[in-house]
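Here's the letter readout for the chains.
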Amino acid sequence: MKTPLLGSFESSGNGHHTLGPLQHIDLPMRRYRDTDEVDYVIVGCGSAGGVLLQRLSRAGFRVVALEAGPFWNTERDWVSDESGSHKLYWEDLRITGGTDPLAFGANNSGKGVGGGSVHWAAFTPRFHPSDFEVYTRDGLGADWPITYETLRPYYEQLELEMPVAGPAYFPWGHPHGYPYGPHPMGGVGNVLIKGCSSLGIPVSIGGPVAILSGSRANRPHCIYRGYCIQGCKVGAKASTLITHVPDAIANGGEVREYSMAYRIQLGKEGRVTGVHYFDRDGAAWFQRAKAVIVSGYAIETPRLLLNSACPGHEKGLANSSDTVGRYLMAQAGNVVLGRFDQPVRMYKAPPAHALTEEFYETDPRNDFVRGFAIQTVGPLPIAFGKQMVSAKRAWGWGLRREMMDYNHWASLGLLGEILPWPDNRVTLSEERDQFGIRVPHISFSLHDNDHKLIKAAKNKTMEVMHAAGATEVIQEARYAHLVGAARMGNDPRTSVVDKFGRTHDVANLFLCDGSILPTQGSANPGLTIQALAARTADYLIAQGDTIFKNDKRDMTEPAMRQDLAPPDTWGHGVPRVK
Ligand SMILES: Cc1cc2nc3c(=O)[nH]c(=O)nc-3n(C[C@H](O)[C@H](O)[C@H](O)COP(=O)(O)OP(=O)(O)OC[C@H]3O[C@@H](n4cnc5c(N)ncnc54)[C@H](O)[C@@H]3O)c2cc1C
Ligand code: SF4
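The following paragraphs examine the structure supplied in this document. (Residues numbered from 1 in each chain as written. Chains lettered and ligands numbered in written order. Predicted model: local features only at pLDDT ≥ 70, side-chain atom pairs only at ≥ 80, totals over all residues. Heavy atoms only, no water.)

1. Topic: the overall build of the protein
When helices and strands are counted, the protein shows 14 helices and 20 strands. Its C-alpha radius of gyration of 22 Å places the protein within 12% of the 25 Å reference for a compact globule of 578 residues. C-alpha extents for the protein along the principal axes are approximately 70 × 60 × 50 Å. When the 578 residues of the protein are sorted by exposure, 62% land in the buried category. If you average the places of the 59 positive and of the 60 negative side-chain charges in the protein, the two averages end up 2 Å apart. (Helix = DSSP H or I, 4+ residues; strand = E, 2+ residues; numbered from the N terminus. Rg over C-alpha atoms; globule rule 2.2 N^0.38 Å. Buried < 20%, exposed > 50% of the residue type's maximum accessible area, 1.4 Å probe, protein only. Lys, Arg positive; Asp, Glu negative; His and termini not counted. Charge placed at Lys NZ, Arg CZ, Asp CG, Glu CD.)

The following block contains the structure:
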């Protein structure tokens, strides 16, 4: 093994773990024994799981996070290189179907500590107040069991913890400002500004994005090389791997890497007693726990519940509503590419740095409800090559010529709200993965409202690209950001979990990740997922032992425990426009 410039390559086991050029975990990690009954087992240490682990450990609970992938040692495991970053993704077998099948594999969900927050672009807009009452306003989709105001303090808190850089005034949804200054514009941002400005469309410049615009503590500022979705070896981009997990470990939380949960055990009392999992060698283990939280992503969470079917829960654990796996959502994520005479050099910036939410809300002049956002995306050459294959059918010498022209292209992404439909669904296939666990089958089909919305969003994004001066404009259809499939709601007949993420059917089983979202708006979901996780943690902390002892449901909103945030992450930034 080579010696890195800074820090040493050691495993987490002996108490020295490198997370960036300047960031280390230099404490031994607490390890629970097989026979120990911990307070909480969290399945999945990703966006939501990382925040939960941190909060619950800091509050003094005994917590183990079972993580299917590795505990990244960023200096050893990561490279600033497109083709070298595929191991960040969940590449296990998934079967896709429906009339508009989703693509899985690389560039989908994450695997490894930090989950999808490791490879996300880190766009962090909030959901709008309207997102929480879509059914009431538009007669389609669903209402949330909470309002924007319930989540607002957690948005503000997580924006400090990541932290989020952005403009001092963000005009859409509930207008607000960001605590850290915006980033400078890259070539693609300039294209978005030029196109929107000439059409009279307002643009948010330099964020909101969870990337450091200045150094903070042991994290360096962004160096604008554009490898954000390859993991950001620099440590400037927020991921729970670097923002929350180190504090969890410092407070006695355990992250058990390469631990693939395959069944949740239900005990005689109708309460869960722990989680069965396989280690990296395929050996089966059981972690006893007083309560279980599943944070495995919108596909793996319903998959685990369905694979945990048992007497009394024949359709899957906590699935008396037959809602587990249903109402899966993706956002329309078409990429519109434009060629410019002058070089754009779209790699020279984080992909995420400017957007407009001017078309986010339902507009009565449209023939569809809800809306879309337009954002910068800056594909690196391999992704760009794939887009040229897909959008232009370029191949052979033609593809080579397009790729040599890379520096002259800009790409903008639309983010369109696809509504929750019961037939968009995760079920179990008869096929099995490397552990012998049944794999998920995902059926996805667009409905009338979705088709109309995507068409309008595509046309508007192409109009913006033309208005920016592109001489050629093409587009690739794709999807982004899977959520839903185990939604929250007040009615146990139509939802899986209550407003705190507790399953309606099993009192000590919680879900907390993107799967519980009833609708998704056209904002990237990561901030909302982490804000929900911090709120669920506050609820569990406020409930104390009662979660472990009885089935009574206290629906009182918990007090926000800002004091349990990772140290040095709040009370900073600039005063915000509220
Ligand atoms: C290329 C790309 C760019 C993105 N950019 C953005 C962006 O700019 N902004 C944004 O908001 N969102 C973005 N996203 C989406 C974002 O990453 C996800 O919405 C978010 O990470 C989901 O959080 P989660 O907690 O639901 O799941 P995850 O973060 O995926 O965490 C789930 C974890 O559970 C583990 N796991 C799953 N099943 C098991 C099991 N059975 N046993 C043990 N462990 C298990 C997984 O390995 C994983 O670590 C992007 C996604 C992609 C693919
Ligand atoms: S552009 Fe900034 S955030 Fe992205 S990988 Fe480079 S340093 Fe990290």
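Text resumes after the structure shown.
2. Examining the site of ligand 1
Near ligand 1 you find 36 residues, and of these Ser-47, Glu-67, Asn-107, Asn-108 and Gly-526 are the closest. Leu-66 places a polar main-chain atom, nitrogen or oxygen, 3.5 Å from a nitrogen atom of ligand 1. The separation between an oxygen atom of ligand 1 and a polar side-chain atom of Glu-67 is 2.6 Å. Taking 1000 Å² as the accessible area of ligand 1 by itself, protein coverage stands at 95%. For the shell around ligand 1, the secondary-structure elements that each account for two or more residues are helix 1 (47-58), helix 3 (116-119), strand 8 (260-266), helix 9 (297-307) and helix 13 (526-543). Classifying every residue of the shell around ligand 1 gives 14 nonpolar, 18 polar and 4 charged. (Near = heavy atom within 4 Å. Polar contact = N/O pair within 3.5 Å; in protein donor to acceptor, adjacent residues only side chain to side chain. Areas by Shrake-Rupley, 256 points an atom, 1.4 Å probe, with all protein chains shown as cover. Nonpolar A, V, L, I, M, F, W, Y, C, P; charged D, E, K, R; others polar.)

3. Description of the site of ligand 2
Taken together, Ile-211, Cys-222, Ile-223, Tyr-224, Arg-225, Gly-226, Tyr-227, Cys-228, Cys-232, Val-234 and Lys-237 are the residues near ligand 2. Per-class residue counts for the shell around ligand 2 are 8 nonpolar, 1 polar and 2 charged.

4. Some points on the pairing of strand 4 (residues 63-66)
Residues Val-63 and Ala-65 line one face of strand 4 and the alternating positions Val-64 and Leu-66 line the opposite face, and both faces are buried. Bridge count between strand 3 (residues 37-43) and strand 4: 4 bridges; the pairing is parallel. Paired with Ile-42 across the strands is Ala-65, a residue of strand 4. With helix 1 bridging strand 3 and its parallel neighbour strand 4, the resulting β-α-β unit is right-handed. Sheet topology places strand 4 next to strand 7 (residues 254-256); 3 bridges connect them, and they run parallel. The residue of strand 7 that forms the bridge with Val-64 is Glu-254. (Pairing = 2+ DSSP bridges. Right-handed = clockwise from strand over helix to strand, strands pointing away.)

5. Re the nonpolar core
Counting residues in each nonpolar core, the largest one holds 108 residues, and the members touching the most others are Tyr-40, Phe-71, Leu-241, Val-255, Ile-293, Leu-317 and Leu-509. In terms of residue count, helix 13 provides more of this core than any other element does, 10 residues in total. Residues within four places of Ile-293 in sequence aside, it is in contact with Tyr-40, Val-41, Ile-42, Val-43, Leu-52, Leu-56, Phe-510, Cys-512 and Leu-540. (Core = buried A, V, L, I, M, F, W, Y, C linked by side-chain atoms within 4.5 Å. Contact = heavy atoms within 4.5 Å.)

6. Some remarks on the environment of Leu-532
With respect to the element layout, Leu-532 can be found in helix 13. Using a relative accessible area of 3% as the deciding quantity, one classes Leu-532 as buried. Separated by 382 residues in the primary sequence, Leu-532 and Thr-150 have C-alpha atoms spaced 9.8 Å apart. Dropping the residues within four chain positions of it, Leu-532 is found in contact with Trp-144, Ile-146, Leu-151, Met-488, Cys-512, Ile-516 and Leu-517.

7. Some details on the sheet that holds strand 5 (residues 95-97)
In a beta sheet, neighbouring strands pair by backbone hydrogen bonds and run either parallel or antiparallel. The strand order 5-17-16 describes an open sheet built from 3 strands, whose pairing is mixed. Each end of this open sheet is capped by a strand with a single partner; those strands are strand 5 and strand 16 (425-432). Ignoring strand direction, the axes of neighbouring strands in this sheet form an average angle of 30°. Across 3 bridges, strand 5 lies against strand 17 (residues 438-443) in parallel orientation. Across the sheet, the residue bridging to Ile-95 is His-441, located in strand 17. (Axes fitted to C-alpha atoms, helices over the stretch in contact; angles between N-to-C directions.)

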